[in-house]
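# Close look at the chain arrangement
Take a look at the letters that make up each chain.
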Protein chains: 2
Amino acid sequence: MQMIDGGICAVPGVRASGARQGKWGVALIAASGTAAGMFTTNKVRAAPLDVTAEHLAATGRLEGVIANSGCANAFTGQRGLEDAREMARLLAGFLGTDEKKIAVASTGVIGRYMDMELVAKLFEDAKAKLRDDKGASAEAARAIMTTDTRVKEIAVEHKGVRVAGIVKGAGMIEPNVATMLCFLYTDADLTAETLKGCLKDAVQDSFNMLTVDGDTSTNDAVLITATGQVKCRLEDFSEALRYVCIELARMMAKDGEGASKYFETKVTGAKSERDARLAAKAVAASSLVKTAVFGADPNWGRIICAVGYSGAEMDPAKVTLGLEGKGQEVFMVKAGSIVEGALEQAREIMSGDSITIKIDLGLGKATARGFGCDLTHEYVNINANYTT
Amino acid sequence: MQMIDGGICAVPGVRASGARQGKWGVALIAASGTAAGMFTTNKVRAAPLDVTAEHLAATGRLEGVIANSGCANAFTGQRGLEDAREMARLLAGFLGTDEKKIAVASTGVIGRYMDMELVAKLFEDAKAKLRDDKGASAEAARAIMTTDTRVKEIAVEHKGVRVAGIVKGAGMIEPNVATMLCFLYTDADLTAETLKGCLKDAVQDSFNMLTVDGDTSTNDAVLITATGQVKCRLEDFSEALRYVCIELARMMAKDGEGASKYFETKVTGAKSERDARLAAKAVAASSLVKTAVFGADPNWGRIICAVGYSGAEMDPAKVTLGLEGKGQEVFMVKAGSIVEGALEQAREIMSGDSITIKIDLGLGKATARGFGCDLTHEYVNINANYTT
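What you are looking at is a predicted structure, and each value in this text was computed from that prediction instead of being measured. (Residues numbered from 1 in each chain as written. Chains lettered and ligands numbered in written order. Predicted model: local features only at pLDDT ≥ 70, side-chain atom pairs only at ≥ 80, totals over all residues.)

## Examining the overall build of chain A
Defined as follows: To qualify as a helix, a DSSP run of H or I must reach at least 4 residues; to qualify as a strand, a run of E must reach at least 2; elements of each kind are numbered from the N terminus. Put plainly, a residue is buried at 20 or more neighbouring C-beta atoms within 10 Å of its own, exposed at 12 or fewer, and partly exposed in between, counting only other residues' C-beta atoms, which are placed from the backbone.
Each helix and strand counted, chain A has eleven helices and 15 strands in total. Taking all 388 residues of chain A together, 61% fall into the buried category.

As C-alpha cells, this is what we get:
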C-alpha cells in the first residue's frame, strides 16, 4: 500500500473545490463514473440523502457531488427536498449533465431551512475554482468541516489501482448524532453493483467500528465513484478500499470533538465475528472508558464491564485484558485472574496519547478492531453551545 | 399518596444503620419478610449478587441486607464469592438467622478484592447502631454512597399500606456503568412471587427509564422485602410501589454525576408501548441532548435525531415537539412542521433547572416517560479520576 499525495484528486479525472463563509461552506467534486452509496439508517433522513439515493438508484452513476456545511437540511419536509434538488440542478447545469447524476449531501444544524441564496453564492465561488491540483481535495474537505479541526484526506496506490477519500466528521466521540460525510474515488473499472458490495464490507470494518450501528446521524453518507480507467483484481481494490476507510476512520477518531487522545480496541478470541465487533464497539463507545482514558486512570473494570453488557458471548474466567502504548505492553487480567502490581505500568501507558486496549475473550478465533477517542471538557464545551 | 418521614424505617420492623471510613462504608438493614430481587443483566455479575440471587431462590425470604461501598467485588472470581458469603455470615450471626436469608450488595471499583478486615471493622461499628429511629435510614443510605452527593430516601402511605426505599446511584448521566443499589420495604402481606411481579412492573417504568435496558453495571440490584403486617389490595400496593420507584429514579437523575439540571422526556402518541419507551429513553440518554440541556441550547434537531435512531416507529411528518419549564410551554414542531420564531422561548425554558421535553409521535395512544440530567464538565472531572 503506497501513500500518495493529492487526496481525491490523486485519482485522475477527479476535480474539486470549495468555498466558505462563516459556518457555511460548499464543496464541489466532479468525476465521472459508476457509483454507490451508503446512507444513515436514522428514520429521520435528511432531504439531500433522499435525493441522492433516488439518483443513484436511477442511474448507478455520478458526474459530481455538491455538499454543504452550515445546515443539515434535515427535518425540513418538502421545502428541504426542493432545496436539495436545486443544489443538484446547480451543479448539473455547470457540468452539462443530468441532475440525476449528481449527489447532494449536507451537514449542520437539524431542523433549519437552507439559505439557498448563500449556497448559490458559495457555489459560484467554488465552481470558478474547480480543478485537480494538490490543494483542491483539501479545499473541498475544508468547505464541509463543522467542528472538525483538520482536513482529513488520503490517497493510496496498490497494485496499480488508486483509491482516495476525504471525510468530514468529528463528533464521533459520542456516536449519537454527529454527521459523517465521506467521498471516495477510485480509477478501478467496476460496476455499481460490485462497488456497493465492496463499500459495504469496507464500511463495516472502519466507520461502523467508530459509530454504533443504527445510531447514525440524520445526514451520514458515504459515496464512492469509480472512474473505470484501470482494470484490476477485485481483491486488490477491496484491500485498498478497506485500508483507506480504516485510515479515514482513524483520522476521525483522532479529530473527535474535544479529543486529546486516540485509542483502539483490539478484540481477539471471540466466538463469532459479531461478538468480536459488539465487544470492540462497546468498549470504544463507553463514556466511562473514554473519561478514564482522558484522565489516564487505569480503571480497567470499566472495560470488563463494557464487554459484559456488549451482548458478546463472554466468560469472565477466560478473559485476558491488556494495554499497549508508549512502546510498552501490560496485562491487568490473564485468563480471568487479576494480575497484581500491573496498575502503575497501566497508568504510564494510559498517560500516552495513543493507546491500544487488548481484549482476548478466550472463546474462539474471531477478531475485531474499534476506534475511539477520549471524552474531555472540551467535548462538553463544543456541544453545549453548538447552535448559538 | 401520603409522604411520610423516616425512609425505610417508616415501615414498622425495619432497622438500619451504617458506618463509613474514607471511600469505604457498610450499611446494615434488618427486616423479616418475603422478598424478591432484580439484578444486573451484565455478563460480568458481581459476586455478592450471585450470592444474593442464590439465597433468594433458596428461601424467598430475607432477614437482613449487608451492603458496602468502596469495592464492587466484581470480577473477583472464587475469592470474591467467599468474601460475599463471609459478609452474609457476619450479619446472619448477629441476627441469629440462616445466612441464606441475608442479601449482600456492593458498589465501587471493579476488579479489586475486598478489604475484609475493614469490612469487619465497619460491620462492628454499624451493628452497634442498628435501630429504627428517623436518622437510621439516611445513615444506611449514606454508608453506600459513592459519587452521590445526597441521601436519597422516600416513604409513603397509601390506603393503609406503606412502601419505602433508599437508593444509591449517581452515574446515571451515562447509563453505561454506574451502579444502582435500591432497597425497598413494605408492610404489605404478599408472597415472594407476587412481590417479584410487582417489582418488575415498577422497575420498568422507573429505573429502567433512567438506564438503558441491558447496559447495566456489574452490580445493579433492586431488592424488596415485605414484612406482611398489612393486608391490602394488590393494586394499592402496586400503585404505591410504582410511585416510590419513580420518585427514587427522579432523585437519582437529579443527583446524576456532575448534573446541574434535571429533565424528563414525555412521549405520547406512540404506536406501541415499546416504541414510546424506546423514544423516551433514547432522548434521555443522548449525550448531545444532555450537553444541549447543560448549555441551554435549544438545538431541538438533536431530539428529533435521537427519536429517529431510537428504533421507535416514527413518521417525521407527524411529530410534534415541545418544551415545558419555568411555568411556560413552547412548541418548536407541530405535526411535522417547524414553528418559526419559537427558539427564543425555547432557550428561556432551557435556561431553567427542570425541563420537560414533550414528543408526540402522532401514530397511536401509547405513552412513556424518561428521566435524565445534563452532561457537564463536572461529569468529566468525576469520571476521569475515579480510581485514583
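There is more to say, and it comes next.
## Things to note about unusual backbone geometry
Outside of glycine, negative phi angles account for most residues, and trans bonds account for most peptide bonds. Residues and elements named next belong to chain A. Positive phi, close to 50 degrees, is recorded for asparagine 73, a residue that is not glycine. As for its position among the elements, asparagine 73 is in the loop between strand 4 (61-69) and helix 2 (77-95). For asparagine 73, a count of 32 C-beta atoms within 10 Å corresponds to the buried category. Positive phi is not limited to glycine here, since lysine 326 has a value of about 50 degrees.

## Brief notes about the packing of helix 1 (residues 47-59) of chain B against helix 2 (residues 77-95) of chain B
Residue and element names in this part refer to chain B. Our working rule: Lines are fitted to the C-alpha atoms to define the axes, a helix being fitted only along its stretch in contact, and any angle between axes, read from their N-to-C directions, falls within 0 to 180 degrees. If an angle is under 35 degrees, it is roughly parallel; if it is over 145, roughly antiparallel; if it lies from 65 to 115, roughly perpendicular; otherwise it is oblique. Crossings are sorted by hand: turned counterclockwise from the far helix by less than a right angle, the near helix makes the crossing left-handed, and turned clockwise it makes it right-handed. Contact between residues is assigned whenever the C-beta positions, reconstructed from backbone atoms, fall within 7 Å. Each residue receives one of three labels: charged for Asp, Glu, Lys and Arg, nonpolar for Ala, Val, Leu, Ile, Met, Phe, Trp, Tyr, Cys and Pro, and polar for the others, Gly being one of them.
Viewed as axis vectors pointing N to C, helix 1 and helix 2 meet at an angle of 55 degrees, and their least axial separation amounts to 8 Å. Between helix 1 and helix 2, the angle is such that the two are oblique. Helix 2 is crossed by helix 1, and the crossing has right-handed handedness. Contacts from Ala47, Pro48, Asp50 and Val51 in helix 1 reach Gly80, Leu81, Asp83, Ala84, Arg85 and Ala88 in helix 2. Considered class by class, the residues forming the contact of helix 1 with helix 2 number six nonpolar, one polar and three charged.

## Points about the interface of chain B and chain A
It is common to give the size of an interface as the accessible area that goes away when the parts come together. At the junction of the two partners, chain B supplies 51 residues and chain A supplies 50 residues. When contributions to the side of chain B that touches chain A are tallied by element, the ones reaching two or more residues are helix 8 (287-294), helix 9 (301-309), strand 13 (337-338) and helix 11 (377-384) of chain B. The dominant element in the side of chain B that touches chain A, judged by the number of residues it contributes, is helix 9 of chain B, at seven residues. Its residues assigned to classes, the side of chain B that touches chain A shows 23 nonpolar, 23 polar and five charged.

## Some remarks on helix 5 (residues 192-205) of chain A
All names here are of chain A. Basically, it comes down to this: One fewer than the residue count of a helix, multiplied by 1.5 Å, yields its expected span. Here the arc refers to the directions that run from the helix axis out to each C-beta atom.
The end-to-end C-alpha distance of helix 5 is 20 Å, a good match for the 20 Å that 14 residues give at a rise of 1.5 Å each. Within the sequence span of helix 5, burial applies to Ala192, Leu195, Cys198, Leu199, Ala202 and Val203. End-on, the buried residues of helix 5 take up no more than an arc of 130 degrees, which puts them together on one face. In this structure, the buried side of helix 5 is in contact with strand 3 (24-39), strand 9 (221-230) and helix 6 (234-254).

## Looking at the sheet that holds strand 12 (residues 328-334) of chain B
Residue and element names in this part refer to chain B. Just so we agree on the cut-off: Should DSSP find at least two bridges between two strands, the strands are taken to pair.
Sheet architecture is open: six strands sit in the order 13-12-11-14-10-15, paired in mixed fashion. If you trace the sheet from one side to the other, it starts and ends with strand 13 and strand 15 (366-373), each paired once. Lying over the sheet, helix 7 (residues 273-285) contacts strand 10 (262-270), strand 14 (354-360) and strand 15, oriented at roughly 20 degrees with respect to strand 15. Where helix 10 (residues 343-350) meets the sheet, its contacts fall on strand 11 (320-325), strand 12 and strand 14, and the angle it forms with strand 12 comes to roughly 130 degrees.

## A short note on the domain arrangement of chain A
Residue and element names in this part refer to chain A. We count it as follows: Where each domain starts and ends follows an automatic or database-derived domain assignment.
Split into domains, chain A comes out as domain 1 (2-254) and domain 2 (262-384). If you look at the interface, domain 1 gives ten residues, while domain 2 gives 15 residues. In terms of residue class, the side of domain 1 that touches domain 2 is made up of seven nonpolar, one polar and two charged.

## What to know about the relation of the copies chain B and chain A
Just so we agree on the cut-off: Our superposition of the copies is a least-squares fit, built on the C-alpha atoms of residues whose pLDDT is at least 70 in both.
For the pair chain B and chain A, the best superposition has an RMSD of 0.0 Å and corresponds to a rotation of 180 degrees with a translation of 0.0 Å parallel to the axis. Here the copies are linked by what is in effect a two-fold axis. Taking C-alpha positions as reference, the residue of chain B nearest the rotation axis is His377(B), located at 2.6 Å. Here 98% of the contact residues of chain B are again contact residues in chain A; the copies associate through an equivalent surface.

## A closer look at the nonpolar core
Put simply, the test is: Under the definition applied here, buried Ala, Val, Leu, Ile, Met, Phe, Trp, Tyr and Cys residues are grouped into a nonpolar core through C-beta atoms within 7 Å.
Of all hydrophobic cores here, the largest spans 282 residues; its most connected members are Ala279(A) and Ala279(B). The residues touching Ala279(A), leaving out its near neighbours within four places in the chain, are Val267(A), Ala270(A), Val307(A), Ser310(A), Ala312(A), Ile359(A) and Leu361(A).

## What to know about the sheet that holds strand 11 (residues 320-325) of chain A
Strands belonging to one sheet form pairs held by backbone hydrogen bonds; the direction of such a pair is parallel or antiparallel. Residues and elements named next belong to chain A. Across the sheet, six strands lie side by side as 13-12-11-14-10-15; this open sheet has mixed pairing. The strands lining the two open edges of the sheet, one partner per strand, are strand 13 (337-338) and strand 15 (366-373). On the sheet, helix 10 (residues 343-350) packs against strand 11, strand 12 (328-334) and strand 14 (354-360) and is oriented at approximately 130 degrees with respect to strand 12.

## Some points on the pairing of strand 12 of chain B
Residues and elements named next belong to chain B. Taken together, the five bridges between strand 11 and strand 12 define a ladder with antiparallel strand orientation. Counterpart to leucine 321 in the pairing with strand 12 is valine 333. The hairpin turn running from strand 11 into strand 12, its antiparallel successor, is two residues long, and lysine 326 in that turn takes a positive phi close to 50 degrees. With two bridges connecting them, strand 12 and strand 13 associate as antiparallel partners. Looking at strand 13, one finds that lysine 334 is bridged to serine 337. The loop that links strand 12 with its antiparallel partner strand 13 comprises two residues; one of these, alanine 335, has a positive phi angle of about 45 degrees.

## So, helix 10 of chain B
Residues and elements named next belong to chain B. For helix 10, the full list of buried residues reads Ala346, Ile349 and Met350. The buried side chains of helix 10 occupy one side of the element, clustering within an arc of 95 degrees when seen end-on. For helix 10, the elements touching its buried residues are helix 8, strand 11, strand 12 and strand 14.

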